[in-house]
Amino acid sequence: MSDLGALLRWLLALEVIGWGLFPLLYLAVPGLRDRGLAVAKPFALLLLVYPVWFLAALGLPLFTAPVLLVAGVLLAALGWALALRQRPDTAPGADAAPARPPLVAFLRESWRYVILAEAVFIGAFFFYAWLRGYNPQISGTEKPMEIGFLSAATRQATMPPTDPWLSGHGINYYYLGYVLIAALAKLTVISSSVAFNFGLATVFAMTLSGGAGVTANLLAVARDHGRAVPRARTLALGLLGGYLLAVAGNMYAAGDILARGREAIDVWWWGGLGWKSSRVVVDSGFPEWIFGPNFGPSDTITEFPYFSFILGDLHAHVLALPFALLALTLALDIFLAPLFAARADADASREGDAALAHTEQPEPAIEVPMVGLPPDRAHAPITAPQRADLDDPATAGDTTAPPGEPAPAEPSAPQAITPLAIGRLALAALVIGGLYAINSWDLPTYAAIYLAAGALPLIVAGRAIGRREWLAAAAFAVACFALYLPFHARFTSLVGGQPFELPEPLASIPLLGKISAILGLVVWRKTPTDQFFTVYFLPWI
């Protein structure tokens, strides 16, 4: 079959996997206006591959196309069955006429958003495939290592893949990203040499659409308050975020072209604006008493996504981009709809909410994000006295109405831990824990963002972080590690800093020496202002 036929087959596989498993994501992110549409493909790919990878990492030869196909069918059947069985909440006294499942209603009402989201992904996929067609060679830089890892993963039925340079041993590297691309290669019966470039196109498309989706969900909070479905125009505005993330770089090239004109463009990419754009910051001023008298200025790596996409390296930090965006999406979801709602009576009907809006409010209402609500009601208005009741056990059960005022609704206890809350926490651990096996450096960053996103709504609402929240955070941390235990059992990092020679009694404290090899102090000069602005701004305007 032609390369175009293989490309279409690859894209079809992505679409089938993404839509097959989308209902599970829809159910898991109630706080997002688009219910995760923009990141559905990285979510579905990871969820499809994970159980097969886990069993293969235990030594079972199951990383094969038939097993992947069966796993996909089972997961899709589970997701669609759960979603189609779901029914919208109805207000007391409302007609009990049959209603469409929320997922079906969501897709019908959001069809413009759905079409635009698909157009963004497919357009980005074909654009990068066309761009890569001008330089499809897999040679130079780190590509030999990457194609070796991808080929090994494509041929293996057990995990980890065999190390191409160390016969008889598994790859001692964060290799899960290559396994994800290899799974697509197995399902589409495409060789690793072709899958390499298709994988780059896939990562680029997922990064652009994921960046647009995160931006659109942020814009929806400010622009579309009260709407239950996303606006296509919000995603159109969100494309700016996708562009800034996946396509725009730093300002070195712009400055060089403004300064030298055509001469800057004609210079060889590796010796001109291409390579120099990735080495903008130059560290200097290293103390002699640490680095010696002959330690001169040193370039730092200031690469950005589009530099990596032009370079064409299918490296770990590139493979991690869409999954980092998936982690950010889950963090935004838990911020807008926390796992544990402040009050369960936020599930009052729309009619009840409308009636409440016409009653006299002695105190201004505040908005507390609530879990499990439709996007248009993810923030339930709660008055200041009610919020005080949450914090004061002595008044928590007081429902006595002041003279002349209607009796308030009976307050309910804090929401119990639900299967939905457990599932959302497990999904976050699956995604963020998986970052360690895709690109290890990303795990602490996105774990911290996720935990902070879970804590901020409580802080804003004036609630203390209680035992339940601390236990949830601990369970999340443990699950991040436990879900990828087969990887941790075999992986040994071969890089790291030099630990400090700590004096006693500090040297006897467990793990302190290891931590000192990870954390350090910058003792050389700060980044010059012009270099800093070149990375983040356009100082010439």
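Think of each chain on its own: its residues are numbered from 1, step by step along the sequence as written. Side-chain atom pairs in this predicted model are given and counted only at pLDDT of 80 or more, local residue features only at pLDDT of at least 70, and totals for whole chains, interfaces and linings cover all residues. The basis for the side-chain values is all heavy atoms of the structure; hydrogens and waters are excluded.

S.K.: Can you tell me about the overall build of the chain, naming the residues and giving the values?
M.R.: Helix and strand counts for the chain come out as 24 helices and 4 strands. Using a 1.4 Å probe on the protein chains alone, a residue whose accessible area is under 20% of its type maximum counts as buried, one over 50% counts as exposed, and one in between counts as partly exposed. Looking at the chain as a whole, 45% of its 541 residues are labelled buried. Accessible area of the chain: about 27400 Å², with a carbon and sulfur share of 65%. Counting from the N terminus, the helices are DSSP H or I runs at least four residues long and the strands are E runs at least two residues long. The Shrake-Rupley method, run with a 1.4 Å probe, gives the accessible areas here. Residue values count only the displayed protein chains as cover.

S.K.: Give a detailed account of the nonpolar core, specifying residues and quantitative values.
M.R.: In plain words, nonpolar cores are sets of buried Ala, Val, Leu, Ile, Met, Phe, Trp, Tyr and Cys residues tied together by side-chain atoms within 4.5 Å. In this structure, Trp10, Trp53 and Phe63 are the most contacted members of the largest nonpolar core, which totals 122 residues. In this structure, Phe63 is in contact with Val49, Val52, Ala56, Leu68, Ala153, Gln156, Ala157, Met159, Val179, Ala182, Ala183 and Lys186, ignoring residues within four places of it in sequence. When checking whether two residues touch, look at their non-hydrogen atoms; a contact exists if any pair is within 4.5 Å.

S.K.: I'd like a description of the packing of helix α1 (residues 3-28) against helix α5 (residues 111-132), backed by residues and values.
M.R.: Geometry is summarised by axes, namely lines fitted to C-alpha atoms with helices restricted to the contacting stretch, and by angles between N-to-C directions that run from 0 to 180 degrees. For the pair α1 and α5, interaxial distance at closest approach is 12 Å and the crossing angle is 150 degrees. Comparing their axes, α5 and α1 come out roughly antiparallel. As for how α1 packs across α5, the hand of that crossing is right-handed. Each of Leu7, Leu8, Trp10, Leu11, Leu14, Glu15 and Trp19 in α1 lies in contact with α5, whose residues at this interface are Val114, Glu118, Phe121, Ile122, Phe125, Phe126 and Ala129. Classifying every residue of the contact of α1 with α5 gives 12 nonpolar, no polar and 2 charged. Orientation labels follow simple angle bins: below 35 degrees gives roughly parallel, above 145 gives roughly antiparallel, 65 to 115 gives roughly perpendicular, and whatever is left gives oblique. Take the far helix as your reference; a near helix turned counterclockwise from it by less than a right angle gives a left-handed crossing, and one turned clockwise gives a right-handed crossing. Gly is placed with the polar residues, together with every amino acid not listed as nonpolar (Ala, Val, Leu, Ile, Met, Phe, Trp, Tyr, Cys and Pro) or charged (Asp, Glu, Lys and Arg).

S.K.: Any details on unusual backbone geometry? Residues and values, ideally.
M.R.: Geometrically, the link from Met159 to Pro160 is a cis peptide bond, its omega value of 0 degrees lying close to zero. We note that Arg35 has phi near 55 degrees; this positive angle belongs to a residue other than glycine. Mapping Arg35 onto the fold places it in the loop between α1 and α2 (40-57). Within the chain, Val189 stands out as a residue other than glycine whose phi angle is a positive 55 degrees. If you trace the backbone, Val189 turns up in the loop between α7 (176-188) and α8 (192-223).

S.K.: Can you explain the side chain of Asp163? Please cite residues and give values.
M.R.: Note on placement: Asp163 falls in the loop between α6 (143-155) and α7. In this tally, Lys and Arg are treated as positive and Asp and Glu as negative; His is ignored, and so are the chain termini. In what follows, salt bridge is the name for a side-chain nitrogen of Lys or Arg lying within 4 Å of a carboxyl oxygen of Asp or Glu. For the buried residue Asp163, which engages in no salt bridge, the nearest side chain bearing the opposite charge is Arg155, 12 Å off.

S.K.: Before we move on, can you summarise α5 with the specific residues and values?
M.R.: Because each turn of an α-helix spans 3.6 residues, side chains separated by three or four positions in sequence point in the same direction. Over its 22 residues, α5 extends 31 Å from the first C-alpha to the last, a length consistent with the 32 Å expected when each residue adds 1.5 Å. Of all the residues in α5, the buried ones are Tyr113, Val114, Ala117, Glu118, Val120, Phe121, Ala124, Phe125, Tyr128 and Arg132. For α5, the arc enclosing every buried residue in end-on projection is 150 degrees, short of the 170-degree limit, so these residues lie on one face. Exposed and facing more than 90 degrees away from the buried side of α5 are Arg112 and Ile115. Here a helix's expected span is defined as the number of its residues, less one, multiplied by 1.5 Å. When we speak of the arc, we mean the arc of directions from the helix axis to the C-beta atoms.

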